[in-house]
Amino acid sequence: MTIAIKMIIIFASIVLLLRKKHSLGAAMIVATLLVALLFHLTVFQVWAGVKTALISPATIKVTLALLLVMVLENTLRKSGLLQEMVDSLRELIPDQRIVMGLLPAIIGFLPSPGGAVFSAPLVAEVGRDTRLSVEKQAFVNYWYRHIWEYFFPLYPGILLTAELLHLSMTQLVANQMIYTLMAVVLGFPAGFRGLTRCPRETSNNSQKVNQLSMLVKGLAPIAVVIVAVLGWGINLVSALAVVIGVLWLIFRYTIGQIGSTLREAFSPGLILMVVSVMIFNEMLNQASVFQELPGLFAQWGLPITLIAALLPFVVGFATGVTQGFVAATFPLLGMLFDPSDLSLVTLAFVSGFAGVMLSPVHLCLVLTVQVFKANLARVLGLLVGPELILIGLAVGRHLLK
């Protein structure tokens, strides 16, 4: 059996298990076992791969970072800061189109599975005063909920990309944040075409000062983390830990509240996901896949640009999970091209994420369509144009570099 057939079997198993609603962690464990069986790894090789992955600083760092993100989200939500941000935004901005986009964007600062469902009722409430169809309201909620995933360092896809391709977070963020700006711009005509400015009554001047204060207070913890990581070079784990500690002091958390927060935020599935991805990556290394694949693709004569665009898109579309296409394809892509070629890294990420956004098994898309009672095909029709433009821009950026 050739290496190509073996990798197709492994790749297909990941896609199939994720489509069957199994967790990414479970899918990666099965894929790891298949690597060991198909490549005839010895017990010693398997143990060496598992041990290397478990004690890897990268594994520990990503696991801690993701757990602390969940703790921060829980703290902001339970303290009421998140709700204050949303309320103040609605009072400060008179144009309801902007409010409709900002509401899911603010909720999107904190990654949460199916997070679009939290902002959907808020968008629907504002949307009732407009002439927007339910499909366009669903699009606005879904699209702007996900604009940060191209670069935001709190998202698992970005964390995994940086670790698997051995890139600094600052490098990755600086290279990809332009796509968030592009997404903001592209979403406006797709979501609000034909709708003129929709004014609404806002607070008076004295109330606006108070509302602005509430908005700044709510955004401050997230802003501090971003500045600490990207501006001061502090590692993400330390920045999150300090910010969470300060919030607990400000809100006078008791030992019981801290314990409750940690229990609610702790996710065995999240830990399994990170560890299994790292073990899978190391097992491919033990099987010498990384050494053999570049030569195989060279024999086939496939252009690297096509591989970088197509492979992540297919996995992203099939699974609807950002971490899924990153975990399944980036270890391989990292051996097919030099990860320091950031234009190719970006092309792979943008294309893979387009697949995720267009996937009918993406949890946020399914929930959003249900909440708005919208037609899925029409919502997907609104998504296709902006996603194709983003992929086209990424391809052009790479070819013209």
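Criteria and thresholds
- Residues numbered from 1 in each chain as written.
- Predicted model: local features only at pLDDT ≥ 70, side-chain atom pairs only at ≥ 80, totals over all residues.
- Heavy atoms only, no water.
- Helix = DSSP H or I, 4+ residues; strand = E, 2+ residues; numbered from the N terminus.
- Rg over C-alpha atoms; globule rule 2.2 N^0.38 Å.
- Buried < 20%, exposed > 50% of the residue type's maximum accessible area, 1.4 Å probe, protein only.
- Contact = heavy atoms within 4.5 Å.
- Areas by Shrake-Rupley, 256 points an atom, 1.4 Å probe, with all protein chains shown as cover.
- Axes fitted to C-alpha atoms, helices over the stretch in contact; angles between N-to-C directions.
- Parallel < 35°, antiparallel > 145°, perpendicular 65-115°, else oblique.
- Left-handed = near helix turned anticlockwise from the far one by under 90°.
- Phe/Tyr/Trp six-rings, centres within 6.5 Å; stacked < 30°, edge-to-face > 60°.
- Patch = residues over 30% accessible without salt bridge, like charges linked within 9 Å, V, L, I, M, F, W, Y side chains within 5 Å.
- Salt bridge = Lys/Arg side-chain N within 4 Å of Asp/Glu carboxyl O.
- 1 Å grid on protein atoms, 1.4 Å probe; cavity = no way out; pocket = protein on both sides within 12 Å on 5 of 7 lines; lining within 4 Å.
- Points joined across faces, edges and corners; volume = space filled by probe spheres on them.
- Nonpolar A, V, L, I, M, F, W, Y, C, P; charged D, E, K, R; others polar.
- Core = buried A, V, L, I, M, F, W, Y, C linked by side-chain atoms within 4.5 Å.
- Polar contact = N/O pair within 3.5 Å; in protein donor to acceptor, adjacent residues only side chain to side chain.
- pLDDT = per-residue confidence, 0-100.
- Expected span 1.5 Å × (residues − 1).
- Bend = angle between axes of the 7 residues up to and from the residue.

Trainee: Help me understand the overall build of the protein chain, please; the structure alone is not making it clear to me.
Mentor: Within the protein chain one finds 20 helices and 0 strands. For the protein chain, the C-alpha radius of gyration of 22 Å lies close to 21 Å, the compact-globule estimate for 401 residues. Seen through its principal axes, the protein chain has C-alpha atoms that stretch 70 × 50 × 40 Å. Within the protein chain, the proportion of its 401 residues that are buried is 57%. In the protein chain, the proportion of contacts linking residues at least 24 apart, taken out of those at least 6 apart, comes to 80%. For the protein chain, the computed accessible surface area is about 17,200 Å², with 68% contributed by carbon and sulfur atoms.

Trainee: Teacher, can you tell me more about the environment of Gly-392 here?
Mentor: Along the chain, the position of Gly-392 falls in helix H20 (residues 376–399). Taking the C-alpha atoms as reference, Gly-392 lies 31 Å from Lys-20; in sequence the two are 372 residues apart.

Trainee: Mind showing me how you'd approach the environment of Val-277 here?
Mentor: Along the polypeptide, Val-277 turns up in helix H14 (residues 268–286). Between the C-alpha atoms of Val-277 and Val-395, which are 118 residues apart in sequence, the distance is 28 Å.

Trainee: I would appreciate a short explanation of the packing of helix H4 (residues 57–79) against helix H13 (residues 255–265) in the present structure.
Mentor: Angle between the axes and distance between the axes are the two parameters that describe a pair of packed helices. Where H4 contacts H13, the two axes come as close as 9 Å, and the packing angle between them is 125°. Our classification of the angle between H4 and H13 gives oblique. For the pair H4 and H13, the sense of crossing is right-handed. In this structure, H4 uses Leu-67, Met-70, Val-71, Asn-74, Thr-75 and Lys-78 to contact H13, whose residues at the interface are Thr-261, Leu-262, Glu-264 and Ala-265.

Trainee: What's the story with the packing of aromatic side chains in this structure? I'm lost.
Mentor: Centre distance and the angle of the planes are the two values used to describe a pair of aromatic rings. One pass over the structure, following the stated rule, counts 11 aromatic pairs. Ring geometry for Trp-148 and Phe-152: centres 6.1 Å apart, planes at 45°, overall tilted. Across this residue pair, the class does not change: Trp-148 and Phe-152 are buried. Arranged with centres 6.5 Å apart and planes meeting at 25°, the rings of Phe-349 and Phe-353 form a pair that is stacked.

Trainee: How should I be thinking about a nonpolar patch on the surface in this particular structure?
Mentor: The grouping of Trp-300, Leu-302, Leu-306, Leu-310 and Val-314 at the surface amounts to a nonpolar patch, some 450 Å² of accessible area in total. Of all the elements, helix H16 (residues 304–319) adds the most residues to the nonpolar patch, at 3 residues.

Trainee: Explain the pattern of salt bridges to me, please; I cannot follow it from the model alone.
Mentor: Side chains bearing opposite charge may pair, as long as their charged atoms lie close to each other. Taken as a whole and assessed by the stated rule, the structure comprises 1 salt bridge. For the salt bridge of Glu-264 with Lys-78, the shortest nitrogen-to-oxygen distance reads 2.6 Å. Of the two residues, Glu-264 sits in helix H13 while Lys-78 sits in helix H4, which places them 186 residues apart along the sequence.

Trainee: Would you take a moment to explain the side chain of Asn-175 for this structure?
Mentor: Examined against the element boundaries, Asn-175 turns out to sit in helix H10 (residues 169–192). When sequence neighbours within four positions are dropped, the list of residues in contact with Asn-175 reads Leu-342, Thr-346 and Arg-397.

Trainee: What exactly am I supposed to notice about empty space enclosed by the protein here?
Mentor: Rolled over the atoms, a probe sized like a water molecule indicates the empty space that remains. Counted by the stated rule, this structure contains 1 cavity of 30 Å³ or more. If you add up the space inside the largest cavity, you get close to 40 Å³. In terms of lining, the largest cavity is formed by Met-7, Ile-10, Phe-11, Ile-14, Phe-280, Ala-328 and Leu-332. Where the lining of the largest cavity is concerned, the elements lending two or more residues are helix H1 (3–19) and helix H17 (322–336). Of the residues belonging to the lining of the largest cavity, the class tally is 7 nonpolar, no polar and no charged.

Trainee: How do you make sense of the nonpolar core when you look at a structure like this?
Mentor: It is characteristic of soluble globular proteins that their nonpolar side chains tend to be buried jointly. With 139 residues, the main nonpolar core has Val-35, Phe-39, Trp-143, Phe-330 and Leu-383 as its most contacted residues. Counting residues per element, this core draws most heavily on helix H18 (residues 342–358), at 12 residues.

Trainee: Explain the environment of Met-357 to me, please; I cannot follow it from the model alone.
Mentor: With respect to the helices, strands and loops of the structure, Met-357 is situated in helix H18. In sequence terms Met-357 and Ser-343 are 14 residues apart; their C-alpha atoms lie 21 Å from each other. Among residues more than four places away in sequence, those in contact with Met-357 are Tyr-142, Trp-143, His-146, His-362, Leu-365, Leu-383 and Glu-387.

Trainee: When you look at the side chain of Ser-79 in this model, what are you seeing that I'm missing?
Mentor: One can find Ser-79 in helix H4. At 3.2 Å, the side chain of Ser-79 and the backbone oxygen of Leu-76 are in polar contact.

Trainee: So what exactly am I meant to see when it comes to the confidence of the model for the protein chain here?
Mentor: Detailed reading of the predicted model is not advised wherever pLDDT is low. Mean pLDDT over the protein chain: 82, with 91% of residues reaching 70 or higher. In the model of the protein chain, helix H15 (residues 289–300) stands out as the element of lowest mean pLDDT, 62, in contrast to H18, which has the highest, 94.

Trainee: I keep staring at helix H8 (residues 134–145) and nothing clicks. Help me out?
Mentor: One turn of an α-helix holds 3.6 residues; hence residues three or four places apart share an orientation. The terminal C-alpha atoms of H8, which comprises 12 residues, lie 16 Å apart, in line with the 16 Å expected from a rise of 1.5 Å per residue. Among the 12 residues that make up H8, 11 are buried, leaving the element largely enclosed by the rest of the structure. Those residues of H8 lying buried are Glu-135, Lys-136, Gln-137, Ala-138, Phe-139, Val-140, Asn-141, Tyr-142, Trp-143, Tyr-144 and Arg-145.

Trainee: What's the story with H10 in this structure? I'm lost.
Mentor: With 24 residues, H10 should reach 34 Å at 1.5 Å per residue; the first-to-last C-alpha distance of 34 Å fits that figure. At Gln-176, H10 shows its maximal kink, close to 35°. In the segment just after H10, Gly-194 is the residue with positive phi, at about 85°.

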